[in-house]
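Read off the chains here:
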Amino acid sequence: MKRFIGLALAALVAGALALFVPTPQAEAAACAAGWNASQQYTGGAQVSHNGRNYSAKWWTQNETPGGAAVWADQGACGGGGGTPSCNHPNWVAGQFYAAGSIVRYTDGKYYRAKHENPGYDPVISTWYWEPYSCDGGGDPGNPGAFVVSEAQFNQMFPSRNPFYTYQGLLNAVAAFPAFAKTGTDVVRKQEAAAFLANANHETGGLVHIVEQNTANYPHYCDRTQPYGCPAGQAAYYGRGPIQLSWNFNYKAAGDALGIDLLGNPWLVQNDPAIAWKTALWYWNTQNGPGSMTPHNAMVGGHGFGQTIRSINGSLECDGKNPAQVQSRVTAYQNFSNIIGVTPGGNLYC
């Protein structure tokens, strides 16, 4: 009898111990290569940041994982990668470098071009180059710093819609290294003021995200295009700071940014960085009804008036709508004053 009691007690003790034995935890997935603010990522790219893995939903650059909609959280990670890599080319004397280019110098250190240059020596021409750190030092996502501070931005747009974030603007600016970083300090400030003044006019002070006249929505589908209007007849209305519209513009902007805007134009009204990027895509690459891009108009000294012509010249310039032109010019003068730069000449178109 005692033997059976002893066996029963032993079984109870063993069962109790089993209750307190900790269950082995599953090991965290290995960390992917660390996110690099200056690197461009396409949809499906895997990175790690602050101990978590992320997957890119579409093209992105300088949008921080964990704080931008473009990154899908894949969960905690441990070990593996996690350190941003500097896979940038060696510097070559005499080779042209655009603003924002990153190179590896002969001393093994990295440098970023603050201004475009014909291959000047990074350790001698410090006006053209600045040291670059792959660990995030020196604000690599915002080369040279944007010439408009957040406080100035808020002063320009006191009633702006919260959708139009300053961080979203910075994320977009990083994808266009020539914007507001070409030429003298005066030229860079004038370009930033000009861009924001046109955005101010197009959106009523960064209040409207989408075009307000819904009756126009079905008109922006050009069925003569071979790709048609897969998102629907009325899906390509104006959105964002420069009011991107028409299916062919969504197609071109999406192709340039690595995002399917033709199939999903609503991204422009749902993601602040994408909204700003489409506006800067137009500003830096499109002539519109003008003869030059708005970017070239400002850095080439042609004046603010040519930016109006490139954005909406067919409806506003040459005396067609002076009140609309004056609205843009007044905003440009005000914004120039806020950031402390003269507006220059040739203000009207």
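Residues numbered from 1 in each chain as written. Predicted model: local features only at pLDDT ≥ 70, side-chain atom pairs only at ≥ 80, totals over all residues. Heavy atoms only, no water.

## Side note on the sheet that holds strand 9 (residues 129-132)
Basically, it comes down to this: The criterion for strand pairing is that DSSP finds at least two bridges linking the strands in question. Every helix listed is a DSSP run of H or I at least four residues long, and every strand listed is a run of E at least two residues long, numbered separately from the N terminus. The angle between two axes is taken between their N-to-C directions and runs from 0 to 180 degrees, where each axis is a line fitted to C-alpha atoms and a helix contributes only its stretch in contact.
One open sheet accounts for three strands, arranged 7-8-9; its pairing is antiparallel. If you trace the sheet from one side to the other, it starts and ends with strand 7 (102-104) and strand 9, each paired once. Across this sheet, the average inter-strand angle for adjacent strands is 35°, counted without regard to direction. By the bridge criterion, three bridges tie strand 7 to strand 8 (residues 110-113) in an arrangement that is antiparallel. Paired with Arg 104 across the strands is Tyr 110, a residue of strand 8.

## A look at the packing of helix 4 (residues 185-203) against helix 9 (residues 304-316)
What counts is decided by this rule: Roughly parallel means an angle under 35 degrees; roughly antiparallel means over 145; roughly perpendicular covers 65 to 115; every other angle is labelled oblique. In this scheme the handedness of a crossing depends on how the near helix is turned from the far one: anticlockwise by less than a right angle means left-handed, clockwise means right-handed. The contact rule is simple, with two residues in contact once any of their heavy atoms fall within 4.5 Å. Ten residues, namely Ala, Val, Leu, Ile, Met, Phe, Trp, Tyr, Cys and Pro, are considered nonpolar, four, namely Asp, Glu, Lys and Arg, are considered charged, and the remaining ones, Gly among them, are considered polar.
As a packed pair, helix 4 and helix 9 sit with axes 9 Å apart at the nearest point and diverge in direction by 25°. If you check the angle between helix 4 and helix 9, you find them roughly parallel. Where helix 4 crosses over helix 9, the two elements pack in a sense that is right-handed. Contacts between helix 4 and helix 9 pair Ala 194, Ala 197, Asn 198, His 201 and Glu 202 from the former with Phe 304, Thr 307, Ile 308, Ile 311 and Glu 316 from the latter. The class makeup of the residues in the contact of helix 4 with helix 9 is five nonpolar, three polar and two charged.

## So, the nonpolar core
Burial of nonpolar side chains together is a common tendency in soluble globular proteins. The cut-off we apply is this: Within this scheme, the nonpolar core is defined by two criteria: the residues are buried Ala, Val, Leu, Ile, Met, Phe, Trp, Tyr or Cys, and they are joined through side-chain atoms within 4.5 Å. For every residue, the accessible area (1.4 Å probe, protein chains only) is compared with the maximum for its type, and the residue is labelled buried under 20%, exposed over 50%, or partly exposed between those bounds.
Residues Trp 71, Phe 146, Val 148, Phe 179, Phe 195, Leu 196 and Trp 276 are the most contacted members of the largest nonpolar core, which totals 77 residues. Among the elements that line this core, the one with the most residues is helix 7 (residues 272-285), at eight residues.

## Digging into the packing of aromatic side chains
Condition: Stacked, tilted and edge-to-face are the three classes assigned to paired rings of Phe, Tyr and Trp, where Trp is represented by its six-membered ring and a pair needs centres within 6.5 Å; plane angles under 30 degrees give stacked, over 60 edge-to-face, the rest tilted. We call a charge positioned above a ring when the Lys NZ or Arg CZ atom is no farther than 6 Å from the ring centre and deviates by at most 35 degrees from the ring normal.
Here the structure, examined in full by the defined rule, presents 16 aromatic pairs. When the centroid spacing of 5.8 Å and the interplanar angle of 70° are considered together, the rings of Tyr 164 and Trp 276 count as edge-to-face. With a gap of 112 residues between them, Tyr 164 in the loop between helix 2 (150-156) and helix 3 (166-174) and Trp 276 in helix 7 connect regions that are remote in the sequence. We classify Trp 276 as buried; its relative accessible area is 0%. Note that Arg 239 overlies the ring of Tyr 237, its terminal NZ or CZ placed 3.7 Å from the centroid.

## Some details on helix 3
Inclusion rule: A 3.5 Å cut-off defines polar contacts: any pair of N or O atoms within that distance qualifies, except that in protein one atom must be a possible hydrogen donor and the other a possible acceptor, and neighbouring residues in sequence count only when both atoms are side-chain atoms.
Most of helix 3 sits out of view: eight of its nine residues are buried. The residue sitting at the N-terminus of helix 3 and contributing the capping side-chain oxygen is Thr 165; that oxygen lies 2.9 Å from the backbone nitrogen of Gly 168.

## A short note on the pattern of salt bridges
Cut-off, in case you're wondering: Just to be clear on terms, a salt bridge is a Lys or Arg side-chain nitrogen sitting within 4 Å of an Asp or Glu carboxyl oxygen.
All chains considered together, the criterion is met by seven salt bridges. A salt bridge links Arg 328 to Glu 202; its shortest N-O distance comes to 2.7 Å. You can see Arg 328 sitting in helix 10 (residues 322-339) and its partner Glu 202 sitting in helix 4, a full 126 residues away along the chain. Of the residues examined, Arg 328 reaches a relative accessible area of 0% and is grouped as buried. Overall, the relative accessible area of 21% leaves Glu 202 in the partly exposed class. Within the structure, one salt-bridge network assembled from shared partners comprises Asp 185, Arg 188 and Lys 189.

## Observations concerning the state of the cysteines
Counted only if it meets this: The disulfide criterion used throughout: a pair of cysteine sulfur atoms within 2.5 Å.
If you walk through the whole model with that rule in mind, you get two disulfides. Disulfide pairing is shown between Cys 221 and Cys 229; the S-S distance is 1.9 Å. Sign of the S-S torsion, about 110° for the bond between Cys 221 and Cys 229, identifies this disulfide as right-handed. Residue classification places Cys 221 among the buried positions, given a relative accessible area of 9%. Owing to a relative accessible area of 7%, Cys 229 belongs among the buried residues under this scheme. Residue Cys 317 pairs covalently with Cys 349 via a disulfide, S to S 2.0 Å. Measuring handedness by torsion sign, the sulfur bridge of Cys 317 and Cys 349 sits at about -90° and is left-handed. In this pair, Cys 317 sits in the loop between helix 9 and helix 10 while Cys 349 sits in the segment after helix 10, placing the two residues 32 residues apart along the sequence.

## Quick word on the packing of helix 4 against helix 10
It is the contact of helix 4 with helix 10, at a shortest axis distance of 8 Å, that shows an interaxial angle of 135°. By the angle between their axes, helix 4 is oblique relative to helix 10. Our pair here, helix 4 against helix 10, has a crossing hand that is right-handed. Here Lys 189, Gln 190, Ala 193, Ala 194, Leu 196, Ala 197, Asn 198, Asn 200, His 201 and Glu 202 of helix 4 come into contact with helix 10, specifically with Gln 324, Ser 327, Arg 328, Ala 331, Tyr 332, Phe 335, Ser 336 and Ile 339. Considering only residue class, the contact of helix 4 with helix 10 consists of eight nonpolar, seven polar and three charged.

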